[in-house]
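Coordinates in review
Below are the chains, spelled out letter by letter.
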Amino acid sequence: MAMNKDKQKIIGREAEKAELKRCMESDRSEFVIVYGRRRVGKTFLVDRYFNGEYDFSFVGRNNQAMSKQLRAFAKSLKKYAHIEKQPVLKDWFDAFDALEEYLETLDEGRKKVVFIDEMPWIDTPQSEFVEALEGFWNAWGARRSDIVLIASGSASSWMMDKLVNNPGGLHARITNNIYVRPFTLRETEDYLNSRGFAWSRYQILQLYMSMGGIPFYLSLLNNNKTMVENINHLFFRRNSELRTEFDELYTAIFSNSGNYLEIVKILYNHKEGMTYTDIQKASGISGGRLTTVLKNLERCDFILSYSQFGNHSKGTVYRLADFYTLFYMKFVASADSKDEEWWLHNYNSRSVSSWQGRTFELVCLTHLPQIRRRLGINGISTSASTWRYIPRTNVEEDGKGAQIDLVIDRGDQTINLCEMKFSTEEYIITSDYETKVRQRIGIFREKTKTRKALVSTFITTFGVANGVHKGIVDNEVTMDDLFAQYPF
């Protein structure tokens, strides 16, 4: 099989491409799963890497009965095996037997690539698809050295439960799982540049805060429109692509999506994040069911989890982290449905400015490797957490409350206390704000009892303006630093 000579057209995905290359060069058969949230570019990655040249490929059909799935599978077999008559398959055991027979006719001495896309859609009730897949792989594929079976699907909970964590015949049989993440800021910039967009990093940052680094969403952009016009066109026109996307987003990824949407909405209303106990109380969902929902949401980058500095006993904090969901729920779901130019009319409003400030914090939290690199601590062990102090009473002696959204605890006896500020120009520190930062640092040292050096770190769009109050800044990270390529 000829390999793709033009892999550089795949934006980013260096680690993923390296794993696919390793699988093709290994001395054993490989069972690879490629998973990730809807629209993130799983199929594009595989298709482009292999240049669409498979020994067999099949795409599952959504909401179709087993009989129709089997007919489509048989049609694919007819195409790839170059046979005149389409086989009749009564079940998935028949289907995989036929696939096995066909693959055995191919030349030896090279890897044969089988790509089954949207696998969760194939597993209809009582279909015994997974059992047939187990038999195909365990009794035949895994015993050879020349098969690369690639399974993909957007229903990440199915991919993990039925394949990776399968307690039966597929247990520990997956040789490689490739998780396709949303683009970073740098990858988003590279993608837009490849399509002829001449937008500044500030504009790309604003765009990223509305839709994140989801390749399909980015593919909908029109380079004849401004960034503001594009957001308005995609989100606020009646029946526009990203206005209707939300209705299918969670149902396409998760079974029992109602539980997932309920947790998402609860977290949306608690922007600072919530503990497991808080979520349990607010939702009424508990035990293994809640644990599964949170785990699957995090697997698909819909939520972030991080510890509370100095308060590990209080549990992990969960925060809604999907930029598209946050933007949709903040502006689209609540906007005047009759105003199809709502964003054009309101993007300079105070509400949007406040949203940008909070969402910039989230951009920073999702680009921690870039922040660590700018701080020169890549080679030092670190842990990121949040910290909050709430006085027991309102009595003056108890002091003031304080919150730090990003604490980077370093292995060199240093802690970076990060202030994250979005602004349209260099950030100006006022006398009052300098006092507030110094008080916050003092409260942190007093309440945590830490003896480590505390470093006041400002993460801003364009840097901190020179002035008499800049002395409070020990380290700076700017928007350009967040655009650093990763892996480095």
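Relevant structure appears above.
Keep in mind that this is a model prediction, so the values were computed, not measured.

1. Some words on the overall build of the chain
- Check the secondary structure of the chain and you find 21 helices and 13 strands.
- Radius of gyration (C-alpha) of the chain: 25 Å, near the 23 Å computed for a compact globule of 488 residues.
- C-alpha atoms of the chain, sized along the principal axes, occupy 85 × 50 × 45 Å.
- Split into buried and exposed, the 488 residues of the chain put 52% on the buried side.
- A fraction of 70% describes how many contacts in the chain between residues 6 or more apart in sequence connect residues 24 or more apart.
- For the chain, the accessible surface area stands at approximately 22,700 Å², while carbon and sulfur atoms represent 45% of it.
- Computed over 65 positive and 62 negative side-chain charges, the separation of the two mean positions in the chain equals 2 Å.

2. Digging into the packing of helix H13 (residues 257–268) against helix H15 (residues 287–299)
- Packing of H13 against H15 brings their axes to within 10 Å, and their N-to-C directions diverge by 75°. On the basis of the axis angle, H13 is roughly perpendicular to H15. Every residue of H15 that contacts H13 at Asn-259, Tyr-260, Ile-263 and Val-264 is listed here: Arg-289, Leu-290, Thr-292, Val-293, Leu-294, Asn-296 and Leu-297.
- Grouping the constituent residues of the contact of H13 with H15 by class yields 7 nonpolar, 3 polar and 1 charged.

3. Thoughts on helix H16 (residues 323–332)
- For H16, the buried fraction is high: 9 of the 10 residues fall into the buried class.
- What H16 keeps buried is the set Phe-323, Tyr-324, Thr-325, Leu-326, Phe-327, Tyr-328, Met-329, Phe-331 and Val-332.

4. As for empty space enclosed by the protein
- Inspection of every chain in the model, using the stated rule, returns 1 cavity of 30 Å³ or more.
- Looking at the largest cavity, its volume works out to about 30 Å³.
- Lining the largest cavity are Ile-404, Leu-417, Glu-419, Val-437, Arg-440, Ile-441 and Ser-456.
- Within the residue set of the lining of the largest cavity, elements represented by two or more residues are strand E11 (414–421) and helix H20 (431–448).
- The residue inventory of the lining of the largest cavity, partitioned by class, reads 4 nonpolar, 1 polar and 2 charged.

5. Section: the packing of aromatic side chains
- Taken as a whole and judged by the stated rule, the model has 49 aromatic pairs.
- When the ring of Phe-58 is compared with that of Phe-73, the centres are 5.2 Å apart and the planes differ by 70°; the resulting orientation is edge-to-face. Here Phe-58, found in strand E2 (residues 56–59), pairs with Phe-73, found in helix H3 (residues 66–81); they are 15 residues apart in sequence, far enough to count as distant.
- Its guanidinium or amino end placed over the ring of Phe-216, Arg-39 lies 4.1 Å from that ring's centre, counting from NZ or CZ.

6. Quick notes on the layout of surface pockets
- Taken as a whole, the largest pocket encloses approximately 1,000 Å³ of empty space.
- Along the wall of the largest pocket there are 47 residues; nearest its centre are Arg-181, Pro-182, Thr-184, Asp-301 and Thr-366.
- Split by residue class, the lining of the largest pocket holds 23 nonpolar, 11 polar and 13 charged.

7. Quick look at the sheet that holds strand E7 (residues 303–308)
- Read across the open sheet, the 8 strands follow the order E6-E8-E7-E9-E10-E11-E12-E13; overall the sheet is mixed. Here the strands that pair on one side only, and so sit at the sheet edges, are strand E6 (274–275) and strand E13 (475–477).
- Contacting E7, strand E8 (317–320), strand E10 (402–410), E11 and strand E12 (453–460), helix H18 (residues 350–365) runs over the sheet at an angle of about 115° to E8.

8. A short note on the state of the cysteines
- Under the defined criterion, the tally for this structure stands at 0 disulfides.
- You can see Cys-418 has no disulfide; the closest cysteine sulfur is in Cys-364, sitting 8.4 Å from it.

9. Section: the environment of Thr-275
- If you trace the backbone, Thr-275 turns up in strand E6.
- On the basis of relative accessibility, which here comes to 11%, the residue Thr-275 falls in the buried class.
- Taking C-alpha positions, Thr-275 is 5.7 Å from Thr-316, a pair spaced 41 residues apart along the chain.

10. A look at the pattern of salt bridges
- A complete count under the given rule lists 28 salt bridges for this structure.
- Close ionic contact of Glu-30 with Arg-28 constitutes a salt bridge, the shortest N to O distance being 3.2 Å.
- Among the charged side chains, a salt-bridge network with shared partners connects Glu-19, Arg-22, Arg-28 and Glu-30.

11. Looking at the pairing of strand E4 (residues 147–153)
- Of all 7 residues in E4, 7 are buried; the element is thus mostly enclosed.
- What you see with E4 is no split at all: Ile-147, Leu-149, Ala-151 and Gly-153 on one side and Val-148, Ile-150 and Ser-152 on the other are buried throughout.
- Where strand E1 (residues 30–35) meets E4, 6 bridges bridge the pair, whose relative direction is parallel. Its bridge partner being in E4, Glu-30 is matched across the sheet by Val-148.

12. Things to note about the sheet that holds strand E5 (residues 176–179)
- The 5 strands are arranged E2-E3-E4-E1-E5 in an open sheet whose pairing can be described as parallel. Edge positions in the sheet fall to E2 and E5, since each of these pairs with one other strand and no more. Strand-to-strand, the axes of this sheet are offset by a mean angle of 15°, without reference to chain direction.
- Along the sheet, helix H2 (residues 42–49) contacts E1, strand E3 (112–117) and E4; its crossing angle with E3, the most-contacted strand, is approximately 160°.

13. A word on the packing of helix H9 (residues 201–211) against H18
- Interhelical geometry of H9 versus H18 gives an angle of 85° and a closest axis separation of 10 Å. Between H9 and H18, the interaxial angle falls into the category roughly perpendicular. Here H9 contributes Leu-205, Gln-206, Tyr-208, Met-209 and Ser-210 to the contact with H18, which in turn contributes Trp-355, Gln-356, Thr-359, Phe-360 and Val-363.
- In terms of residue class, the contact of H9 with H18 is built from 6 nonpolar, 4 polar and no charged.

14. As for the environment of Phe-462
- Relative to the assigned elements, Phe-462 resides in the loop between E12 and E13.
- Taking C-alpha positions, Phe-462 is 6.4 Å from Met-479, a pair spaced 17 residues apart along the chain.
- Those residues within four positions of Phe-462 in sequence are excluded, and the remaining contacts are Tyr-202, Ser-423, Thr-424, Glu-425, Glu-426, Thr-478 and Met-479.

What counts, and where the lines are drawn
- Residues numbered from 1 in each chain as written.
- Predicted model: local features only at pLDDT ≥ 70, side-chain atom pairs only at ≥ 80, totals over all residues.
- Heavy atoms only, no water.
- Helix = DSSP H or I, 4+ residues; strand = E, 2+ residues; numbered from the N terminus.
- Rg over C-alpha atoms; globule rule 2.2 N^0.38 Å.
- Buried < 20%, exposed > 50% of the residue type's maximum accessible area, 1.4 Å probe, protein only.
- Contact = heavy atoms within 4.5 Å.
- Areas by Shrake-Rupley, 256 points an atom, 1.4 Å probe, with all protein chains shown as cover.
- Lys, Arg positive; Asp, Glu negative; His and termini not counted.
- Charge placed at Lys NZ, Arg CZ, Asp CG, Glu CD.
- Axes fitted to C-alpha atoms, helices over the stretch in contact; angles between N-to-C directions.
- Parallel < 35°, antiparallel > 145°, perpendicular 65-115°, else oblique.
- Nonpolar A, V, L, I, M, F, W, Y, C, P; charged D, E, K, R; others polar.
- 1 Å grid on protein atoms, 1.4 Å probe; cavity = no way out; pocket = protein on both sides within 12 Å on 5 of 7 lines; lining within 4 Å.
- Points joined across faces, edges and corners; volume = space filled by probe spheres on them.
- Phe/Tyr/Trp six-rings, centres within 6.5 Å; stacked < 30°, edge-to-face > 60°.
- Lys NZ or Arg CZ within 6 Å of the ring centre and 35° of its normal.
- Pairing = 2+ DSSP bridges.
- Disulfide = S-S within 2.5 Å.
- Salt bridge = Lys/Arg side-chain N within 4 Å of Asp/Glu carboxyl O.

Geometry only, nothing functional implied.
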